Amino acid sequence: MRVILWSCKGDRIFVVHTYSLNGYNIAIDGNSGSIHMLDDITYHMLKDTNEMPSLVNVQEKLRKKYTVNEISEAYNEIKSLNEQGMLFSSIKSLEEAVGSKQMNNCLKALCLHVSHDCNLRCEYCFASSGDYNSGRMLMSKDVALKALDYLARNSKGRRNIEIDFFGGEPLMNFDVVKETVAYGRKVEKITGKHFYFTITTNGTLLDKEKINYINENMDNVVISIDGRKEVHDAVRHDRACRGSYDKVMPLAKELVAGRNGKSYFIRGTFTARNKDFSKDVMHLADMGFKEISVEPVVGSAEDLYFKESDIPEILKEYENLAFQYIGRLSDDRKFRFYHFNIDLYDGPCLFKRVTACGAGYEYLAVSPEGNLYPCHQFVGQDKFVIGNVYSGINNSKKCNEFMKNNILSKEKCRDCWAKLFCSGGCHANAYFSNSSISEPNELSCILQKKRIECAIMIQVLKGDKAI
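Now for a look at the structure at hand.

Conventions used here
- Residues numbered from 1 in each chain as written.
- Predicted model: local features only at pLDDT ≥ 70, side-chain atom pairs only at ≥ 80, totals over all residues.
- Heavy atoms only, no water.
- Core = buried A, V, L, I, M, F, W, Y, C linked by side-chain atoms within 4.5 Å.
- Buried < 20%, exposed > 50% of the residue type's maximum accessible area, 1.4 Å probe, protein only.
- Helix = DSSP H or I, 4+ residues; strand = E, 2+ residues; numbered from the N terminus.
- Contact = heavy atoms within 4.5 Å.
- Pairing = 2+ DSSP bridges.
- Axes fitted to C-alpha atoms, helices over the stretch in contact; angles between N-to-C directions.
- Phe/Tyr/Trp six-rings, centres within 6.5 Å; stacked < 30°, edge-to-face > 60°.
- Lys NZ or Arg CZ within 6 Å of the ring centre and 35° of its normal.
- Right-handed = clockwise from strand over helix to strand, strands pointing away.

Below, the discussion takes up the nonpolar core. In terms of nonpolar packing, the biggest core is built from 98 residues, with Leu-110, Leu-112, Phe-165, Phe-289 and Ile-456 touching the most fellow members. In terms of residues, this core owes the most to one element, helix α17 (residues 442–465), which gives nine residues. With residues near it in sequence (within four places) discarded, Leu-112 still touches Met-139, Ala-144, Ala-147, Leu-148, Ile-163, Asp-164, Phe-165, Phe-166, Thr-180 and Val-366. Val-16, Leu-38, Ala-74 and Leu-87 belong to the second-largest nonpolar core, a separate cluster that totals 18 residues.

Quick look at the sheet that holds strand β15 (residues 371–373) now. Ordered by their spatial adjacency, eleven strands build an open sheet running β13-β12-β11-β10-β9-β8-β5-β14-β15-β16-β17, and the pairing between neighbours is mixed. Of all the strands in the sheet, the pair left with one neighbour each is β13 (336–337) and β17 (392–393). Lying on the sheet, helix α6 (residues 174–191) is in contact with β5 (109–113), β8 (160–166) and β9 (194–201); it crosses β9 at an angle near 165 degrees.

Let us now look at unusual backbone geometry. At the junction of Gly-167 and Gly-168, the peptide bond is cis and its omega measures out at 20 degrees in the coordinates. You can see Gly-168 is positioned in the loop between β8 and α6. Backbone geometry places Ser-128, a non-glycine residue, at a positive phi of 55 degrees. Judged by its relative accessible area of 26%, Ser-128 falls in the partly exposed class. At Ser-423, a position not held by glycine, the phi torsion is positive, near 60 degrees.

Time to look at the packing of aromatic side chains. Taken as a whole, this structure holds 19 aromatic pairs when the rule is applied. With a centroid separation of 3.8 Å and 15 degrees between ring planes, the pair formed by Phe-270 and Phe-277 is classed as stacked. Note on accessibility: Phe-270 and Phe-277 belong to one class, buried. Their ring planes at 85 degrees and their centres at 5.5 Å tell us that Phe-378 and Phe-402 sit as a pair that is edge-to-face. One end of the pair, Phe-378, is in the loop between β15 and β16 (387–388); the other, Phe-402, is in helix α13 (residues 396–403), and 24 residues separate them in sequence. On the basis of relative accessibility, which here comes to 1%, the residue Phe-402 falls in the buried class. Feature note: the residues Phe-378, Phe-384, Phe-402, Tyr-431 and Phe-432 constitute an aromatic cluster, connected by ring pairs. Above the face of the Phe-174 ring, Lys-210 is positioned so that its terminal group lies 5.3 Å from the ring centre.

Glancing now at the environment of Arg-414. Within the fold, Arg-414 resides in helix α14 (residues 411–414). Among the residues examined, Arg-414 registers a relative accessible area of 24% and is labelled partly exposed. Once the C-alpha coordinates of Arg-414 and Phe-335 are considered, the two residues, 79 residues apart in sequence, prove to be 34 Å apart. Contacts of Arg-414, omitting those with residues within four sequence positions, involve Asn-31, Ile-91, Glu-95, Ile-407, Leu-408 and Lys-419.

With that settled, consider the pairing of strand β12 (residues 291–296). For a regular strand, the rule is simple: side chains alternate between the two faces of the sheet. Counting buried positions along β12 yields six of six residues, so the element is predominantly enclosed. The two faces of β12 match: Glu-291, Ser-293 and Glu-295 on one face and Ile-292, Val-294 and Pro-296 on the other face are all buried. Relative to β12, strand β11 (residues 263–270) is paired through five bridges, and the arrangement is parallel. Bridged to Ile-266 within β12 is Ile-292. In this fold, β11 hands off to helix α10 (residues 278–286), which returns the chain to β12; that crossover is right-handed.

Dropping the structure here:
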């Protein structure tokens, strides 16, 4: 039986990817995002095909395995899906669907780098141990409040707007964090806006006061823990090379226990030293955390970073993680793994699928001195300064470059089956690996595709088993 699991057919938007995983045959139409669960005959009919097949060709291909009637019946179903724009749909249809609507590109979120300093010296830190190669400094209260004013003033048409306190380690500037939140509540009353506050922390500076404050005032909190103690301590240590696991773990547990339904994430990084990272994900789940994200390290050259020869092992480990994840879906050990949480029914709208994170126009980062950047990972790169919170944007050309950099403009993305699920990947990852925000990092693409395959298989299974 062939079952349509999800489709953008309301928008009518030649890339079809087929794969088999955990006993399920799946096809994904890259230009519409439609997902299909296939029986064996349809799977064999579509496998290794990059365009709508002809009946003559499939009959020749499958005549030794299936009857003429079976082949004709399966082919007619494929033909019907093709005519409905859900299989072998064209990129032109997607472009027309996107072009027919107006995108809201007003500012939505600011990432405040309240601290360009950190009490840890994590070996893979993209922020150069917290100072972004720009010197250790803390954001002043004046800059932070100006940033909130800037966001409120430039978020026309939006009521809900977002502030992420980031670093370095933002708890090193905790007083400014508190003053900023208090000021935001005043701005809400004046403007009718609503601030959604997030803080990202390594957790080691938490205490009862900070935990209570965060749980009362932060809509979301991200805590960095890499997994098993030996894995975490090997890379997340202080200046004296003392590991931080024993410090952060009990504090993270205490904080999460007090969230009372509010959002949080335990966010880890895996490297070439722990390619068995499913054990780290499961360790975090066994510690009682229900919201987990463990990401691959980004970079090259050092022994922490992946080589091409590591890829097969990592891909296999994602499948291993998916199978373990499935084993917990029906009991009290279940948790949510960020990269497996594809929402097939109420997920991002088509525009967000095409444009991704909105860096450079919807989302900006603010350095301690008040400079504006397209996102937090570009902070410290002088060529990416686009303005400041006092006078606003003065490099609209750079903003437009980010705005136009989407899956329809990136050559490698246009013909990729995964584009509507990954939205073209990370601009910063692309730039720091290829010196261009429009050329995705190849290794990241390979890993992302495997995560998408696993995530969709999990959704298929949940529907099949009514979980």
